[in-house]
Amino acid sequence: MEKTIDESVQGTALSVENKASNDRKLYIESYGCQMNFSDSEIVASILAKEGFNTTNVLAEADLVLVNTCSIREKAEMTVRKRLEKFNALKKDRPQMKVGVLGCMAERLKHKFLEEEQIVDMVVGPDAYKDLPNLVQEIDEGHNAVNVILSKDETYGDVAPVRLNSNGVTAFVSITRGCDNMCTFCVVPFTRGRERSRDPQSIIEEVNDLWNKGFKEITLLGQNVDSYLWYGGGLKKDFRNASEMQKATAVNFSQLLEKVALAQPRMRIRFSTSNPQDMTLDVIRTMARYENICKSIHLPVQSGSNRILKSMNRLHTREEYFQLIDNIKAILPDCAISQDMIAGFPSETEDDHKDTLSLMEYVKYDYGFMFAYSERPGTLAERKLEDDIPEETKKRRLGEIIALQRRHCQERTEQHVGQIQEVLIEGTSKKSDQHWMGRNSQNTVAVFPKENYKIGDFVKVRMNSCTSATLIGEAIGYSKNN
Ligand code: SAM
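A brief look at the structure comes next. (Residues numbered from 1 in each chain as written. Predicted model: local features only at pLDDT ≥ 70, side-chain atom pairs only at ≥ 80, totals over all residues. Heavy atoms only, no water.)

## Topic: the nonpolar core
Reasoning step 1: Of all hydrophobic cores here, the largest spans 52 residues; its most connected members are Leu219, Phe252 and Phe270.
Reasoning step 2: Setting aside chain neighbours within four positions, we find Phe270 in contact with Thr218, Leu219, Val224, Phe252, Leu256, Met278, Val282, Met286 and Ile292.
Reasoning step 3: With 24 residues, the next largest nonpolar core counts Tyr31, Ala61, Ala105 and Ile118 among its residues. (Core = buried A, V, L, I, M, F, W, Y, C linked by side-chain atoms within 4.5 Å. Buried < 20%, exposed > 50% of the residue type's maximum accessible area, 1.4 Å probe, protein only. Contact = heavy atoms within 4.5 Å.)

## A few points about the sheet that holds strand E22 (residues 469-477)
Reasoning step 1: Strand order in this closed barrel of five strands is E18-E19-E20-E22-E21, and the pairing throughout is mixed. Strand after strand, the sheet turns through a mean of 55 degrees between neighbouring axes, direction not considered.
Reasoning step 2: Here strand E18 (residues 419-427) pairs with strand E19 (residues 434-438) via four bridges, running antiparallel. Following the sheet pairing, Ile424 is matched in E19 by Gly437. (Pairing = 2+ DSSP bridges. Helix = DSSP H or I, 4+ residues; strand = E, 2+ residues; numbered from the N terminus. Axes fitted to C-alpha atoms, helices over the stretch in contact; angles between N-to-C directions.)

## Digging into the packing of aromatic side chains
Reasoning step 1: Here the structure, examined in full by the defined rule, presents eight aromatic pairs.
Reasoning step 2: Ring centres of Tyr27 and Phe86 lie 6.4 Å apart, and the angle between their planes is 75 degrees; on these two criteria the pair is classed as edge-to-face. On the criterion of sequence distance, the pair formed by Tyr27 in strand E2 (residues 24-30) and Phe86 in helix H2 (residues 73-89) is long-range, its members being 59 residues apart. Both residues of the pair, Tyr27 and Phe86, belong to the buried class.
Reasoning step 3: Residues Tyr230 and Phe238 carry aromatic rings whose centres are separated by 5.1 Å and whose planes lie at 70 degrees to one another, so their mutual orientation is edge-to-face.
Reasoning step 4: Take Phe238: its relative accessible area is 23%, and that puts it in the partly exposed class. (Phe/Tyr/Trp six-rings, centres within 6.5 Å; stacked < 30°, edge-to-face > 60°.)

## A closer look at unusual backbone geometry
Reasoning step 1: For the bond running from Ser271 to Thr272, omega is 10 degrees, close enough to zero to count as cis.
Reasoning step 2: Structurally, Thr272 can be placed in the loop between strand E14 (267-271) and helix H10 (280-288).
Reasoning step 3: Not every positive phi belongs to a glycine, and Tyr155 is a case in point at roughly 55 degrees.
Reasoning step 4: Of note, Tyr155 is situated in the loop between strand E7 (144-146) and strand E8 (169-173).
Reasoning step 5: Residue Gln301 is not a glycine yet carries a positive backbone phi of 80 degrees.
Reasoning step 6: Inspection of the secondary structure puts Gln301 in the loop between strand E15 (295-297) and helix H11 (305-310).

## Considering the sheet that holds E14
Reasoning step 1: An order of E8-E11-E14 is seen for the three strands of this open sheet, with the pairing classed as parallel. Of all the strands in the sheet, the pair left with one neighbour each is E8 and E14. Going from strand to strand, the sheet's axes swing by 25 degrees on average, the running direction of each strand aside.
Reasoning step 2: Two strands pair when backbone bridges link them, and E8 and strand E11 (residues 216-220) are joined in this way by five bridges, in the parallel orientation. Its bridge partner being in E11, Ala170 is matched across the sheet by Ile217.
Reasoning step 3: On top of the sheet, helix H7 (residues 199-211) reaches E8 and E11; it is set at about 170 degrees to E8, its chief contact.
Reasoning step 4: Each of E11 and E14 is contacted by helix H9 (residues 252-262), which is oriented at about 155 degrees to E14, the strand it contacts most.

## So, the site of the ligand
Reasoning step 1: Around the ligand, the structure places 15 residues, and the nearest of them are Phe184, Gln222, Gln301, Asp339 and Ser373.
Reasoning step 2: Here a nitrogen atom of the ligand sits 3.0 Å away from a polar atom, N or O, in the main chain of Phe184.
Reasoning step 3: Here a nitrogen atom of the ligand and a backbone polar atom of Gln222 are 2.7 Å apart.
Reasoning step 4: Considered on its own, the ligand offers 570 Å² of accessible surface; in the complex 93% of this is hidden by protein.
Reasoning step 5: Where the shell around the ligand is concerned, the elements lending two or more residues are strand E16 (335-342) and strand E17 (366-371).
Reasoning step 6: Of the residues assigned to the shell around the ligand, the class counts are seven nonpolar, four polar and four charged. (Near = heavy atom within 4 Å. Polar contact = N/O pair within 3.5 Å; in protein donor to acceptor, adjacent residues only side chain to side chain. Areas by Shrake-Rupley, 256 points an atom, 1.4 Å probe, with all protein chains shown as cover. Nonpolar A, V, L, I, M, F, W, Y, C, P; charged D, E, K, R; others polar.)

## Details of the pattern of salt bridges
Reasoning step 1: For the structure shown, the criterion picks out 37 salt bridges.
Reasoning step 2: A salt bridge links Arg176 to Asp126; the shortest N-O distance between them is 3.8 Å. Taken as a pair, Arg176 in strand E9 (residues 175-176) and Asp126 in the loop between strand E6 (121-123) and helix H5 (131-139) lie far apart in primary sequence, 50 residues in all. Pair check on accessibility: Arg176 and Asp126 agree, each one buried.
Reasoning step 3: Between Arg396 and Glu347 there is a salt bridge whose closest N-O contact spans 2.9 Å. Of this pair, Arg396 sits in helix H15 (residues 390-415) while Glu347 is found in the loop between E16 and helix H13 (349-362), placing the two residues 49 residues apart along the sequence.
Reasoning step 4: Taking the relative accessible area as the measure of exposure, Arg396 reaches 4% and is therefore buried.
Reasoning step 5: A cluster of three or more residues bridged by salt bridges with shared partners is formed by Asp39, Asp126, Arg176, Arg191 and Arg195. (Salt bridge = Lys/Arg side-chain N within 4 Å of Asp/Glu carboxyl O.)

## Re the pairing of E14
Reasoning step 1: The buried count for E14 comes to five of five residues, which makes it a mostly enclosed element.
Reasoning step 2: Taking every second residue as pointing to the same face, both faces of E14 are buried, with Arg267, Arg269 and Ser271 on one and Ile268 and Phe270 on the other.
Reasoning step 3: As defined by bridge partners, E11 adjoins E14 across five bridges and the pair is classed as parallel. Within the sheet, the bridge partner assigned to Thr218 lies in E14 and is Arg269.

## Re the pairing of E22
Reasoning step 1: The pairing of strand E20 (residues 444-448) with E22 spans three bridges and is parallel. Across the sheet, Val444 pairs through a bridge with Thr469, a residue of E22.
Reasoning step 2: Relative to E22, strand E21 (residues 457-465) runs antiparallel, the two being bridged by seven bridges. Across the sheet, Arg461 pairs through a bridge with Glu473, a residue of E22.
Reasoning step 3: Remark: three residues form the turn of the hairpin made by E21 and E22, two consecutive strands paired antiparallel.

Okay, here's the thing in structure tokens:
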């Protein structure tokens with residue numbers, strides 16, 4: 001099946017086991033990418049030290065925070081509606097304070113406080129450590145704002161509290177910001193320049209998660225393959241690093257290997273990969289370690305060389321095919337997924353056909369597909385006319401989704417008849433008699449519960465499937481258990 005941003009989790013209020021000594025209540029809602037959900041765990045951790053317990057009951061909150069996304073206009077509209085609702089609630093609960101976090105906070109900055117006056121606090125993605133001061137400001141009746149982007153903040157020293165966790169899978173953030181400057185994308189403006197987190201603190205977090213019973217982690221970043229640790233600082237400043245720093249620098253394939261070796265029974269995933277930065281070393285490291293899952297999220301955005309150039313994606317269609325061929329040669333059972341944008345400025349029917357033919361070549365396992373949404377401040381907004389009519393964008397997006405659906409079905413069917421390791425994450429949404437988990441390729445599998453439990457690694461015989469779900473039966477524990 002096609003995937004859109006997981007609507008079921010958008011706007012989820014996150015809550016966690018509470019500290020008895022804390023006497024204030026924090027309601028925190030998150031929108032957008034996995035990075036935002038991961039950031040909310042950092043925010044909850046910082047505020048737990050300030051006397052806040054999380055709640056998912058809005059009516060009892062002292063502080064309401066919305067972690068926001070700016071990637072498309074629709075995402076911002078959803079948040080605005082929520083803020084209007086919170087603002088209305090404040091009439092009955094004047095002591096309740098409302099804050100905006102994340103990308104929309106960074107993009108709109110003081111505008112929220114000055115023109116719109118619907119929030120008390122505005123905090124950008126690099127300013128969460130300032131929350132104790134900002135909360136004090138609003139407690140004293142002032143508005144508070146910090147949207148300063150940082151050169152080195154990675155929150156490597158903050159142990160995130162795991163909100164709404166299944167206790168089995170967790171995100172571990174490894175880079176922040178993005179240097180790519182794709183012309184459609186607002187991220188470099190809202191999350192700042194790219195910097196990487198100290199590998200030691202990453203390994204410590206992974207070890208800690210294993211000790212707490214977690215069995216799978218996803219290393220997170222806008223462009224994980226660009227990870228580069230040389231003692232701290234922006235990626236773009238690496239060229240000025242000392243010879244010693246350059247000689248001892250850690251790149252993504254080295255980090256991946258360190259993590260795989262640190263916890264050999266922990267499953268490791270990573271997201272997102274950018275084609276221009278994904279090296280053969282990374283693919284070979286994936287092949288060397290069984291615990292690195294065989295699944296690569298490799299957004300391409302378009303199949304047309306002309307559009308890729310206009311998007312400032314720094315690779316061609318042919319180079320992308322070369323990368324796909326390498327992945328298929330080295331990791332024949334690896335799943336590949338995509339992000340695609342339909343209706344980028346000036347996109348012709350021929351460009352769109354190139355996208356469909358690229359999809360036919362790769363046959364992606366799944367994808368996240370979007371109609372182009374012009375974002376203020378991006379290079380595309382400043383230099384290109386948003387000239388594709390909405391109905392054309394929609395029709396092209398529909399064709400992309402239909403093709404993806406067919407490929408997804410074919411990909412899922414390929415697993416039928418095999419015995420594969422599945423990590424149990426929870427009860428199936430459709431039947432409380434069945435477990436739900438994923439194979440290494442990230443395909444969902446369901447099977448009768450028997451005596452297995454959440455967090456078990458189980459060998460499952462895949463008997464049949466729907467378009468995106470494998471249906472099987474457990475035949476024993478896998479050797480990972
Ligand atoms: N860093 C990743 C990359 O560059 O491939 C993903 C970044 S973004 C958070 C997730 C996806 O949102 C992108 O891959 C792209 O498909 C989509 N997206 C970003 N900006 C968009 C826009 N202006 N209109 C429509 N979709 C957009």
